[in-house]
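The residues making up each chain are set out below.
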Amino acid sequence: MAKHKIALIGGGQIGGNLALLAAQKELGDVVIFDIPKAEGMVKGKALDLMQLRPHDGHDVTITGTSDYSDISGSDVIIITAGIPRKPGMDREDLLGINLGIMKDVASNVKQYAPDAFVIVISNPLDAMVYAFHKVSGFAKNKVVGMAGALDSGRFRAFIAMETGYSVQDVTCMVLGGHGDTMVPITRLATVGGVPVTALISPERLKEIEDRTRVAGGEIVKLFGNGSAFYAPAQSAIEMAESYLRDKKRVIPCASLCEGEFGVDGYFIGVPSVIGSGGVEKVLEFTLTDDEQAELNNTLDAVKKTVGETGL
Ligand code: APR
């Protein structure tokens, strides 16, 4: 069987970790693309990763480039091109710079890898994935944003930290936009099937929800320069793996909704089935009135940022 090919557009903090994880999972050969100014950096990272291979024995090739033609034939493209946040910034503050970058990336991906499944990570996520879709004209099932997987992972981590039980057994989902208005669906969160509402007091659960909403900002503040990269990379790799191996995992992703959950024409975090068809389905279910109101609120925030793209 021919090896898959994964191209990473942006080879910074998240990009480097995406390359490491994609190689370690042997998802396929990896091409790390970055701007000419960063060509040495991505070529260096690629070479470093090639020299990691003898230690854990993964048989894939990792290369660095600033030539877009090298992404030709990619099965999956993961985009982190852009700038990350600094302390005091919202994700929305990145729009001006990152929108221009995303337009450039989208037209090149369209030209060189028109059949790829594209995962967008750049922020502000809900607007960036919208912009990629608009500019590239890709089918809606081939474009998805990575946010809910990360936000849900953060919620899961905090619940595991609170209870002391295995993070492996914590399941939950966070829906909506990738910002402070995101919607943790605490009602459906469980530890090994036991509702978290039976394990954690309502007051503590509220605090955990609030911490989840600003979890990215907590890390930005600690770093002082830049934003989270390990967990974002892992979250996107799970999505790429589900596509390449047709696992049909159900992951909260920013998918284009056309009526689901009352959302029409916007990418927003909803439970999505990812398989060889890309985003094969959005799994809709009935929200409580409060949850729906919160989703409407997050949708307003997403609409506002998308509106600012002028697309
Ligand atoms: N094309 C390709 N790559 C680009 C372009 C471009 N036009 N412009 C910038 N880049 C590259 C930068 O050179 C850099 O190597 O994108 C990379 C971004 O890496 P980092 O600055 O390390 O940022 P990172 O932490 O990886 O986050 C990237 O993901 O989570 C979001 O908010 C985050 O928008 C940010 C993005």
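Residues numbered from 1 in each chain as written. Predicted model: local features only at pLDDT ≥ 70, side-chain atom pairs only at ≥ 80, totals over all residues. Heavy atoms only, no water.

Peer 1: Any chance you could explain the nonpolar core here in plain terms?
Peer 2: Ranked by internal contacts, the top residues of the largest apolar core, which has 48 residues, are Ile9, Ile71, Ile77, Ile79, Val118, Val120 and Phe132. No other element matches the seven residues that helix H5 (residues 125–136) contributes to this core. Among the domains, domain 1 (5–145) and domain 2 (148–309) are the pair contributing at least three residues each to this core. One finds Ile14, Ala23, Ile32 and Phe229 within the second-largest nonpolar core, a separate group that totals 37 residues. (Core = buried A, V, L, I, M, F, W, Y, C linked by side-chain atoms within 4.5 Å. Buried < 20%, exposed > 50% of the residue type's maximum accessible area, 1.4 Å probe, protein only. Helix = DSSP H or I, 4+ residues; strand = E, 2+ residues; numbered from the N terminus. Domains from an automatic or database assignment.)

Peer 1: Help me understand the packing of H5 against helix H10 (residues 289–309), please; the structure alone is not making it clear to me.
Peer 2: For any two helices packed against each other, the geometry comes down to the angle between their axes and how far apart the axes lie. Here H5 crosses H10 at 45°, and the two axes come no closer than 9 Å. Between H5 and H10, the angle is such that the two are oblique. As for how H5 packs across H10, the hand of that crossing is right-handed. Residues Asp126, Ala127 and Tyr130 of H5 pack against Val302, Thr305, Val306 and Thr309 of H10. The class makeup of the residues in the contact of H5 with H10 is four nonpolar, two polar and one charged. (Axes fitted to C-alpha atoms, helices over the stretch in contact; angles between N-to-C directions. Parallel < 35°, antiparallel > 145°, perpendicular 65-115°, else oblique. Left-handed = near helix turned anticlockwise from the far one by under 90°. Contact = heavy atoms within 4.5 Å. Nonpolar A, V, L, I, M, F, W, Y, C, P; charged D, E, K, R; others polar.)

Peer 1: How do you make sense of the packing of aromatic side chains when you look at a structure like this?
Peer 2: The geometry of an aromatic ring pair comes down to the distance between the two centres and the angle between the two planes. Tallied over the full model, the rule gives eight aromatic pairs. Relative to Tyr230, the ring of Phe229 has its centre 4.6 Å away and its plane inclined at 50°; by these criteria the two rings are tilted. Their ring planes at 80° and their centres at 5.5 Å tell us that Phe261 and Phe285 sit as a pair that is edge-to-face. On the criterion of sequence distance, the pair formed by Phe261 in the loop between strand E12 (249–258) and strand E13 (264–275) and Phe285 in the loop between strand E14 (278–282) and H10 is long-range, its members being 24 residues apart. Here the aromatic cluster, defined as three or more aromatic residues joined through ring pairs, consists of Phe33, Tyr68 and Tyr112. (Phe/Tyr/Trp six-rings, centres within 6.5 Å; stacked < 30°, edge-to-face > 60°.)

Peer 1: Could you clarify how one ought to interpret the side chain of Asp34 in this entry?
Peer 2: Of note, Asp34 is situated in the loop between strand E2 (29–33) and helix H2 (39–50). Here Gly11 takes part through its backbone nitrogen, which lies 2.8 Å from a polar atom of the side chain of Asp34. (Polar contact = N/O pair within 3.5 Å; in protein donor to acceptor, adjacent residues only side chain to side chain.)

Peer 1: How should H5 be read in this particular structure?
Peer 2: Think of an α-helix as turning once every 3.6 residues; residues three or four places apart then point the same way. Here H5 is 12 residues long and its end C-alpha atoms lie 16 Å apart, about the 16 Å a rise of 1.5 Å per residue gives. Taking burial as the measure, the 12 residues of H5 include 10 buried ones, the bulk of the element. Residues Leu125, Asp126, Ala127, Met128, Val129, Tyr130, Ala131, Phe132, His133 and Ser136 constitute the buried set of H5. At the C-terminal side of H5, Gly137 shows a positive phi close to 70°. (Expected span 1.5 Å × (residues − 1).)

Peer 1: In this structure, what is going on with the domain arrangement of the protein? I would like to understand it.
Peer 2: As far as domains go, the protein holds domain 1 (5–145) and domain 2 (148–309). The straight-line distance from the C-alpha centre of domain 1 to that of domain 2 is 22 Å. Opposite the 38 residues of domain 1 that make contact, domain 2 presents 44 residues. Of the roughly 3,600 Å² buried where domain 1 meets domain 2, counting both sides, 68% is carbon and sulfur surface. Here domain 1 is connected to domain 2 by two salt bridges. Close ionic contact of Lys25 with Glu241 constitutes a salt bridge, the shortest N to O distance being 3.1 Å. On inspection of domain 1 and its partner domain 2, the count reaches 10 residue pairs in polar contact (both at pLDDT 80 or more). At the level of elements, helix H1 (13–24), strand E4 (76–79), helix H4 (95–112), strand E5 (117–120), H5 and strand E6 (143–145) are the ones that each hand at least two residues to the side of domain 1 that touches domain 2. Split by residue class, the side of domain 1 that touches domain 2 holds 22 nonpolar, six polar and 10 charged. (Buried area = accessible area lost by both parts, 1.4 Å probe. Salt bridge = Lys/Arg side-chain N within 4 Å of Asp/Glu carboxyl O.)

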